[in-house]
Amino acid sequence: MMDQCRIIDLPKHHDPRGNLSVIEGGVQVPFDIKRVYYLYDVPGGSSRAGHGHIELQQLFIAMSGSFDVIVDDGYERKKIHLNRSYYGLYVPGMMWREVENFSSGGVCLVLASTLYDPKDYYHDYDDFVAAVHRQK
């Protein structure tokens with residue numbers, strides 16, 4: 001499962017007036033985009049997320065500054081540092097995710113494959129791992 005998490009290189013169009021990147025659901029992102037949200041003004045030392053999803057797929061983008069995304073498939077854990085607005089980290093369903101180590105002014109944009117559904121969440125890590133191991 002961990003090999004499905006990957007950096008997606010978003011198109012970057014250079015222009016003397018500034019760069020432009022385009023993201024289209026089903027084109028650059030392997031899902032239709034149903035929801036967009038962003039994290040900002042995160043105090044130093046704080047973590048966000050800290051949960052797993054059953055179905056939800058996400059693309060994390062550092063729109064400003066930097067942060068780390070920790071992904072965990074119940075067997076392996078990996079930390080990915082994001083600091084460029086033209087790279088997105090794709091995270092499929094049945095992955096635990098944490099977002100931490102925000103730089104000053106860091107903004108994390110998240111594109112999501114579903115609308116908010118509280119039934120899609122695992123808030124307890126042990127419950128998440130047990131569900132992953134039941135699927136094998």
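- Looking at an unreviewed UniProt entry, one finds the protein named WxcM-like domain-containing protein and attributed to Duganella lactea.

1. Concerning the overall build of the protein
- Each helix and strand counted, the protein has one helix and 12 strands in total.
- Order of helices (α) and strands (β) in the protein, N terminus to C terminus: β-β-β-β-β-β-β-β-β-β-β-β-α.
- Against the 2.2 N^0.38 benchmark of 14 Å for 136 residues, the protein shows a C-alpha radius of gyration of 15 Å, consistent with a compact globule.
- Principal-axis analysis of the C-alpha atoms gives the protein an extent of 55 × 35 × 25 Å.
- Taking all 136 residues of the protein together, 43% fall into the buried category.
- For the protein, restricting intrachain contacts to residue pairs at least 6 apart in sequence, the fraction spanning at least 24 positions comes to 76%.
- Carbon and sulfur atoms provide 47% of the accessible area of the protein, an area that totals close to 7,600 Å².
- The protein carries 14 positive and 18 negative side-chain charges, and their two centres are separated by 3 Å.

2. Observations concerning the sheet that holds strand S8 (residues 77–82)
- If you trace the five strands from one edge of the open sheet to the other, you get S8-S7-S10-S5-S12, paired in antiparallel fashion. Strands at the two margins of the open sheet, each flanked by one partner only, are S8 and strand S12 (121–122).
- With six bridges connecting them, strand S7 (residues 67–72) and S8 associate as antiparallel partners. Note that in S8 the partner of aspartate 72 across the bridge is arginine 77.

3. Re the pattern of salt bridges
- Summed over the entire model, instances satisfying the criterion amount to four salt bridges.
- We note a salt bridge from aspartate 15 to arginine 17, for which the minimum N-O separation is 2.8 Å.

4. Comments concerning the nonpolar core
- Membership of the largest hydrophobic core comes to 18 residues, with the highest contact counts inside it found for Phe60, Phe67, Val71, Leu82 and Leu89.
- Breaking this core down by element, the ones donating at least two residues are strand S6 (58–64), S7, S8, strand S9 (87–91), strand S10 (95–100) and strand S11 (107–112).
- For this core, the leading source of residues is S7, giving three residues.
- Counting residues in hydrophobic clusters, the runner-up holds nine residues, among them Ile8, Leu10, Val29 and Leu59.

5. A word on the side chain of aspartate 73
- Structurally, the position occupied by aspartate 73 is in the loop between S7 and S8.
- At a separation of 3.1 Å, a polar atom in the side chain of aspartate 73 contacts the main-chain amide nitrogen of methionine 2.
- There is a polar contact of 2.7 Å between the side chain of aspartate 73 and the backbone nitrogen of glutamate 76.
- With near-sequence residues (within four places) excluded, aspartate 73 lies in contact with Met1, Met2, Met94, Met95, Phe128 and Val132.

Parameters and conventions
Residues numbered from 1 in each chain as written. Predicted model: local features only at pLDDT ≥ 70, side-chain atom pairs only at ≥ 80, totals over all residues. Heavy atoms only, no water. Helix = DSSP H or I, 4+ residues; strand = E, 2+ residues; numbered from the N terminus. Rg over C-alpha atoms; globule rule 2.2 N^0.38 Å. Buried < 20%, exposed > 50% of the residue type's maximum accessible area, 1.4 Å probe, protein only. Contact = heavy atoms within 4.5 Å. Areas by Shrake-Rupley, 256 points an atom, 1.4 Å probe, with all protein chains shown as cover. Lys, Arg positive; Asp, Glu negative; His and termini not counted. Charge placed at Lys NZ, Arg CZ, Asp CG, Glu CD. Pairing = 2+ DSSP bridges. Salt bridge = Lys/Arg side-chain N within 4 Å of Asp/Glu carboxyl O. Core = buried A, V, L, I, M, F, W, Y, C linked by side-chain atoms within 4.5 Å. Polar contact = N/O pair within 3.5 Å; in protein donor to acceptor, adjacent residues only side chain to side chain.

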